[in-house]
Amino acid sequence: MSILIKGGRIITAADDYVGDVYVEGERITLIGASLDDVQADTTIDASGKYVLPGCVDPHTHLDMPFGGTVTIDDVESGQIAAAFGGTTCHVDFVIQPQGATFAAALDEWKGKAAGKQVIDMGYHMAVTDLREGGTLEELASLPDQGVTSYKLFMAYKGALMVDDETLFRTMQVAAETGALVMVHAENGDAIDVLVKEALAAGNTEPKYHALTRPPETEGEATNRAIQLARVAGASLYVVHVSCEEAVHPIAVAREKGWDVWGETCTQYLFVDYTFLERPDFEGAKYVYTPPPRDKANQEVLWNAVRTDVLSAISTDHCAFLWDGQKTLGKDDFSKIPNGGPGLENRLHMIHEFGVRAGRITLNRMVELLCTNPAKLFGLYPRKGTIAVGSDADLVVFDPERRHTIKASEHHSKIDYNLYEGTEVTGTPETVLLRGHVLVEDGRLAAKPGIGQFVERARFGDTLAPGTE
Ligand code: URP
Ligand code: ZN
Ligand code: ZN
């Protein structure tokens with residue numbers, strides 16, 4: 001099976017030119033100014049369109065038990081939503097259940113994906129317990145299985161939170177094995193005190209989710225993680241950076257040349273604290289962690305993604321129904337399951353408000369959504385770029401087509417959208433996964449089961465192209 005994508009504007013992190021891309025089987029085999037002599041089974045006319053690498057989302061939670069319930073999107077519905085948004089690969093979190101080995105946790109998560117995969121995926125291992133569950137030796141064996149990043153939660157006391165000893169020991173293992181350490185950086189102990197005080201004072205509405213998690217608690221934990229990673233000699237990636245207090249220590253570390261990286265998520269660029277104050281429990285839609293911050297942080301974050309203080313934009317897609325799941329916290333904000341949707345709209349939103357608004361270039365958009373996530377998480381150059389030998393994960397993007405973001409028209413099972421009613425110009429038209437047409441004419445053109453688990457390379461290493 002071969003496909004010729006003709007006359008599109010090919011955009012990578014480095015290049016921007018008009019040309020043809022030829023796909024044979026699952027890989028890109030030829031790129032040229034005009035491949036007129038090439039015979040293909042299918043030709044896609046991409047004139048007037050952008051040809052982008054399939055986007056890579058480094059931070060998602062599908063089929064994850066959390067907050068007394070389970071995220072509404074399983075692997076199938078979450079990945080279908082991702083595909084329609086131009087994302088062809090993501091890295092999801094295996095959460096080690098307390099007392100369980102890492103092998104058991106990984107098996108369980110692979111079982112959740114079996115037969116349901118629509119796009120390609122890898123896993124990070126979220127370490128929750130090194131006392132009764134996994135051992136340091138077992139943790140050290142994970143990179144050999146293609147799980148090359150360890151995640152630690154410095155918040156969610158009594159649930160996923162680890163102490164500094166577990167954090168530091170994991171960093172030491174990562175320094176030895178070449179894995180990347182990821183942290184959810186908030187001071188969970190201080191937040192726990194503030195939450196108890198708020199509830200004792202009768203403050204139960206959704207806005208107290210933010211008021212009990214001040215930005216300083218994120219700044220403190222970010223700095224702590226950076227300093228501990230220095231001592232351990234580990235590479236560090238700070239997830240979902242939401243505020244100036246956390247951007248600052250990352251900027252300082254990067255200026256010093258330390259191996260520290262950060263991401264923000266789409267929602268922190270658009271949703272601010274006032275959304276949590278919306279009446280009739282609507283604020284609960286925006287209960288995710290870290291919480292939406294004061295609006296002034298948004299320009300700080302845009303500036304950080306522009307200047308490479310933050311190097312990736314993820315979705316942290318962790319979707320809970322407003323009606324039926326978020327309502328678990330109707331009378332107590334601390335019981336609202338933490339998380340929001342977003343897998344389908346990252347490219348729409350960053351193209352409209354990043355590129356079209358003049359904040360970042362098209363190349364930088366590709367770097368933030370495709371190339372850097374692929375490089376940081378051991379998927380490059382198989383994923384994250386358009387090059388001969390790379391997987392033919394491609395998005396033909398119509399930069400002129402208007403699109404209104406609506407919960408009623410998206411593909412996740414969620415019953416609301418963080419960006420409801422937002423008008424954007426530019427939308428994915430055709431999406432290819434390893435040369436298979438995934439999305440075409442607004443419909444899913446492939447069946448679940450087509451996606452694969454990808455064994456990722458260690459931090460800093462490249463991933464050789466596949467052999468098929
Ligand atoms: O609220 C969030 N972000 N839920 C998902 C878990 C996490 O902290 O990433
Ligand atoms: Zn988190
Ligand atoms: Zn997350």
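No experiment lies behind these values; they were computed from the predicted model shown. (Residues numbered from 1 in each chain as written. Chains lettered and ligands numbered in written order. Predicted model: local features only at pLDDT ≥ 70, side-chain atom pairs only at ≥ 80, totals over all residues. Heavy atoms only, no water.)

### Topic: helix 8 (residues 244–255)
- In a regular helix each residue adds 1.5 Å, so 12 residues correspond to 16 Å; helix 8 covers 16 Å between its end C-alpha atoms and thus fits that length.
- Buried within helix 8 we find Ala246, Val247, Pro249, Ile250 and Ala253.
- On its buried face, helix 8 is in contact with helix 7 (215–232), strand 13 (236–238), strand 14 (260–265) and helix 9 (296–306). (Helix = DSSP H or I, 4+ residues; strand = E, 2+ residues; numbered from the N terminus. Expected span 1.5 Å × (residues − 1). Buried < 20%, exposed > 50% of the residue type's maximum accessible area, 1.4 Å probe, protein only. Contact = heavy atoms within 4.5 Å.)

### Notes on the coordination of the zinc ion (ligand 3)
- For the zinc ion (ligand 3), the protein coordination sphere consists of His59 (NE2), His61 (NE2) and Asp316 (OD), at 1.9 to 2.1 Å.
- Classification of the site at the zinc ion (ligand 3) as tetrahedral follows from its 4 donor atoms and the range of 86 to 132° in their angles at the metal.
- Metal-to-metal, the separation of the zinc ion (ligand 3) and the zinc ion (ligand 2) is 4.0 Å. Of the two residues, His59 is situated in strand 6 (residues 55–60) and Asp316 in the loop between strand 15 (312–314) and helix 10 (346–356); the sequence distance between them amounts to 257 residues. The burial state of His59 is the same as that of Asp316; both residues are buried. (Donors = N, O, S within 2.8 Å, 3.2 Å for Na, K, Ca; no water. Tetrahedral: all angles 85-135°; square planar, octahedral: opposite > 155°, others 65-115°.)

### Let's talk about the nonpolar core
- Grouped together as the largest cluster of nonpolar side chains are 126 residues, with contacts concentrated most on Val183, Leu236 and Leu438.
- With 7 residues, the top contributor of residues to this core is helix 11 (residues 362–376).
- Other than its neighbours up to four places away in sequence, Leu236 contacts Met171, Leu180, Val181, Val183, Ala225, Ile226, Ala229, Asp259, Val260 and Trp261.
- Counting 14 residues, the second largest nonpolar core, distinct from the first, contains Ile10, Val23, Val51 and Leu394. (Core = buried A, V, L, I, M, F, W, Y, C linked by side-chain atoms within 4.5 Å.)

### Some thoughts on the coordination of the zinc ion (ligand 2)
- Here the zinc ion (ligand 2) is held by the protein donor atoms His184 (ND1) and His240 (NE2), which lie 2.0 Å from it.
- If you look at the zinc ion (ligand 2), its 4 donor atoms make angles of 56 to 153° with each other, and the shape they trace is irregular.

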